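Residues per chain are reported as follows:
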Amino acid sequence: MKNKEVAEIFNKVAALLEIKGDNPYRIRAYQRAAQVIEALTTDVEELAKQGKLERLPGIGPDLASKIKEILRTGTLSLYEELKKEIPPVLLTFLEIPGLGPKKVKAIYEKFGITSIEELEKACKEHKIAKLPGFGWKTEENILKGIKLFREKIGRRPLGEILPLAEKITEILKKESPVENISIAGSIRRRRETVKDIDVLITSTEPEKVMKKVVELPLVEEIIAFGETKTSVRVKAGQSTIQMDIRVVEPDSWGAALAYFTGSKAHNIRVRELALEKGLKINEYGVFKGETKIAGKTEKEVYASIGLPFIPPELREDRGEIEAALQGKLPKLVEYNEIIGDGHVHSKYSDGTASLEEIMEKAEKLGLSWVAVCDHSQSLKVAGGVPVEDLFKKKRRIEELNKRSSKVKLIFGAEVDILSDGTLDYPDEVLKEIDFVIAAIHTGFQQSEEQITNRIISALKHPLVHAVAHPTGRVIGERDPYAVNLSKILEVAAQYGKALEINAYYKRLDLNDVNARAAKEKGIPLIIGTDAHFIDQMEYIHLGTAVARRAWCEKKDILNTLSYEEFMNWLKKLRANSR
DNA sequence: GCCGTTTTCGGCCCGACTGTTTTCAGTCG
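Here the structure is a predicted model, which means the values were calculated and not measured.

(A) Fine view of the packing of helix H17 (residues 355–364) against helix H18 (residues 387–403). Contact geometry for H17 and H18: axes closest at 11 Å, N-to-C directions at 40°. Taken together, the axes of H17 and H18 are oblique relative to one another. Regarding H17 and H18, the two cross each other, and that crossing is right-handed. For the pair H17 and H18, the contacting residues are Leu355, Glu356 and Met359 in the first and Lys393, Arg396, Ile397, Leu400 and Asn401 in the second. For the contact of H17 with H18, the residue count by class is four nonpolar, one polar and three charged.

Rendered as structure tokens:
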């Protein structure tokens, strides 16, 4: 998949053109193209071969030929030219909060500054304030921005921030005069990482709400304090995260919620549609001339331009507008339709919970089954289960299942795919294990061909049901291993094997785009929390969120099956694999 | 640079806030 590389070059070209001061619409064209390509569920290379690039929205003759150039040469002549004109380090300046393309350009052209250190020095020596359009406050803000940049306050995993955001809204609900309150922004869309916390409120006493916000003990710094908009930095683990609170009139609730939920790209498309109908949409409502015709609910806002309600998880301009127009939006799998957890570790390997504790937790979470998939024998660092213990575990699960009517445990194993592509238990053992999910935990440095072939041979193994965390990425820590995912998807589809949506907040693997590609190929998906501590079973909804962002319906997700249905699916798959 | 029941040029989403200004540019979401 060259999709990422192509998208990255287009994004960089867009940023360089911004600093250059090029036509903003040309810049947007590159940004949109990058977004479209990144969200593709097919190989851009494949589309190029078939001559179908220009069928993609936002890709015309020029960008199509530029994509082909990147695929052919690995780079883009325009990009190389731009890099000669503008030092690429300036792109990192754009990541400093408060610095945009115009200011970066001015600073570079006046002082030739090409490193963060030089920029910091120039601010401290008050050189920057002398530039036209700059002042002492700007200098101060750049220095603050540099500090935040150095603390690497970029995007944080959703699983870290969502609980904090929910806690804050709970406090505000209880202790201040709010009528309506909702989390908005990328958290509401359930993006895998988020940059800030957006909270939308209606209240008849906004000043009291805002006062309560800035008095929260979690608040470390007040960035802006107004009656309708307040921005603060709140403590989040080791560092801080920005939180924007906005208060609107109840009549604007829907319009504001839609607006602040985004994504930006989705909003732009919605507003373009409105324009075609002679309407104007802003955060206060939908307007025909001076008259407001909608705005109280999101449903009303969408309806005003002839669209059904679009779930927040889909609002990324990845085809949801077109689907909505044609009445072809998927009926997304619901959070409460997930009644099983496909991947949990127990004390038998490196988990901390006993089987009993897992059962108890599952009941609390309203689940009806849990597949207990401990590591296999050779993964010693993770307490891989030796064969003799495996059968103790099997008997124990059978006993517990007899006693419990509400929750059933499934005897599973997360079996290592060894460096040579063979599995970490012999076949006569594997066939006794009810659910075999194979995974790679070693040999990450192997070539794309080696790793891809390892996974393919596991998928082809008649006793394997699924592959766990298929790309191996860990958000913010480790890139995916080199793997040809298109080939994996092809084989999984051909053999009817399942792929995991790992719900651990740092994995979320498959991610939304890849899970959507799998869904489109008819590959069954199974959500597993990969819990090693009992409370991590609560992350199951993060996996559901990925599935929803992947346009999945109930039928696409194995976790919506009852215990009996899932056991049948497992048996049938093996019967057909013989 | 894309796009078209306003088809091959002239559009391209919208508003708030900040800081530097004296009417507005830049940044952000």
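From this point, things continue past the structure.
(B) Quick peek at the pairing of strand S5 (residues 219–225). The pairing of S5 with strand S6 (residues 229–236) spans five bridges and is classified as antiparallel. Along S6, the bridge assignment pairs alanine 224 with serine 231. Linking two consecutive strands that pair antiparallel, namely S5 and S6, is a turn of three residues.

(C) Main features of the side chain of arginine 233. Along the chain, the position of arginine 233 falls in strand S6. A polar contact is formed between the side chain of arginine 233 and the side chain of threonine 240, at a distance of 2.8 Å.

(D) Inspection of the packing of aromatic side chains at higher detail. Under the criterion given, the structure shown has 10 aromatic pairs. Measuring from centroid to centroid gives 5.7 Å for phenylalanine 444 and tyrosine 481, while their planes differ by 25°, and the two rings are stacked. Remark: tyrosine 481 occurs in the loop between strand S15 (466–467) and helix H21 (485–495) and phenylalanine 444 occurs in the loop between strand S14 (435–439) and helix H20 (448–460); sequence separation between them is 37 residues. Taking the relative accessible area as the measure of exposure, tyrosine 481 reaches 6% and is therefore buried. Note on tyrosine 505 and tyrosine 539: the rings are 5.3 Å apart at their centroids and 35° apart in plane angle, and the pair reads as tilted.

(E) Fine view of the sheet that holds strand S17 (residues 525–528). Strand order in this open sheet of seven strands is S11-S12-S13-S14-S15-S16-S17, and the pairing throughout is parallel. On the outer flanks of this sheet lie strand S11 (340–344) and S17, each paired with one strand and no other. Sheet analysis places S15 next to strand S16 (residues 498–502), joined by two bridges and oriented parallel. Of the residues in S16, the one forming a bridge with valine 467 is leucine 499. In this fold helix H24 (residues 563–577) packs onto strand S12 (369–375), strand S13 (408–416), S14, S16 and S17, with an angle of close to 40° to the strand it touches most, S13.

(F) Up close: the sheet that holds strand S9 (residues 285–288). The strand order S8-S9-S10 describes an open sheet built from three strands, whose pairing is antiparallel. With one partner strand each, in any of the chains shown, strand S8 (280–282) and strand S10 (291–294) form the two edges of the open sheet. Ignoring which end each strand starts from, the neighbouring axes of this sheet average 40° apart. Pairing of S9 with S10 involves three bridges; the strand directions are antiparallel. Within the sheet, the bridge partner assigned to valine 286 lies in S10 and is alanine 294.

(G) Seen up close, the pattern of salt bridges. Evaluated as defined, the whole model comprises 48 salt bridges. Its salt-bridge partner being glutamate 221, residue lysine 144 comes within 3.8 Å of it at the nearest N-O pair. You can see lysine 144 sitting in helix H9 (residues 136–150) and its partner glutamate 221 sitting in strand S5, a full 77 residues away along the chain. Two residues, lysine 392 and aspartate 389, come together in a salt bridge whose shortest N-O distance is 3.3 Å.

(H) Broad picture of the nonpolar core. If you look at the biggest cluster of nonpolar residues, it comprises 96 residues, and the most contacted ones within it are Ile197, Val234, Met243 and Ile455. Top element by residues in this core is helix H10 (residues 158–175). It accounts for seven residues. Counting contributing residues per domain, this core is built from domain 2 (156–248) and domain 4 (335–577), each supplying no fewer than three. Those residues within four positions of methionine 243 in sequence are excluded, and the remaining contacts are Ile168, Ile197, Val199, Val213, Leu216, Thr230, Ser231, Val232 and Val234. Counting 50 residues, the second-largest nonpolar core is a separate cluster that includes Leu47, Ile70, Ile113 and Ile146.

(I) Spatial organisation of the protein's contact with DNA strand B. Residues in close proximity to DNA strand B total 42 residues, the closest being Arg28, Gly135, Tyr259, Arg271 and Glu272. Per the 4 Å cut-off to the protein, sugar and phosphate atoms form 74% of the nearby atoms of DNA strand B. Here arginine 28 contributes a side-chain N or O atom positioned 2.5 Å from a phosphate oxygen of DNA strand B. Contact between DNA strand B and glycine 98: a phosphate oxygen at 2.7 Å from a main-chain N or O atom of the residue. For the surface near DNA strand B, the elements supplying multiple residues, two or more each, are helix H2 (24–38), helix H4 (61–73), helix H7 (101–111), H9, helix H14 (264–276) and S8. Across the surface near DNA strand B, the residue classes tally to 18 nonpolar, 11 polar and 13 charged.

(J) Broad picture of the environment of valine 513. Within the secondary structure, valine 513 is located in helix H22 (residues 512–520). If sequence neighbours within four positions are ignored, valine 513 has contacts with Glu38, Ala39, Leu40, Thr41 and Arg318.

(K) Representation of the domain arrangement of chain A within the structure. When its domains are assigned, chain A resolves into domain 1 (3–150), domain 2 (156–248), domain 3 (252–325) and domain 4 (335–577). Taken together, the contacts link 15 residues of domain 2 with 13 residues of domain 3. With both sides pooled, the region where domain 2 packs onto domain 3 buries about 1200 Å², and carbon together with sulfur makes up 68% of that total. On the domain 2 side of the contact with domain 3, Arg188, Arg189 and Leu200 bury the most area, a combined 53% of that side's loss. Where domain 2 packs against domain 3, one counts two salt bridges. Of the charged contacts in the structure, one is a salt bridge between arginine 189 and glutamate 316, with a shortest N-O distance of 2.8 Å. Applying the counting criterion to the domain 2 and domain 3 interface returns five residue pairs in polar contact (both at pLDDT 80 or more). The leading source of residues in the side of domain 2 that touches domain 3 is strand S4 (residues 196–202), at four residues.

Conventions and cut-offs
Residues numbered from 1 in each chain as written. Chains lettered and ligands numbered in written order. Predicted model: local features only at pLDDT ≥ 70, side-chain atom pairs only at ≥ 80, totals over all residues. Heavy atoms only, no water. Axes fitted to C-alpha atoms, helices over the stretch in contact; angles between N-to-C directions. Helix = DSSP H or I, 4+ residues; strand = E, 2+ residues; numbered from the N terminus. Parallel < 35°, antiparallel > 145°, perpendicular 65-115°, else oblique. Left-handed = near helix turned anticlockwise from the far one by under 90°. Contact = heavy atoms within 4.5 Å. Nonpolar A, V, L, I, M, F, W, Y, C, P; charged D, E, K, R; others polar. Pairing = 2+ DSSP bridges. Polar contact = N/O pair within 3.5 Å; in protein donor to acceptor, adjacent residues only side chain to side chain. Phe/Tyr/Trp six-rings, centres within 6.5 Å; stacked < 30°, edge-to-face > 60°. Buried < 20%, exposed > 50% of the residue type's maximum accessible area, 1.4 Å probe, protein only. Salt bridge = Lys/Arg side-chain N within 4 Å of Asp/Glu carboxyl O. Core = buried A, V, L, I, M, F, W, Y, C linked by side-chain atoms within 4.5 Å. Domains from an automatic or database assignment. Near = heavy atom within 4 Å. Buried area = accessible area lost by both parts, 1.4 Å probe.

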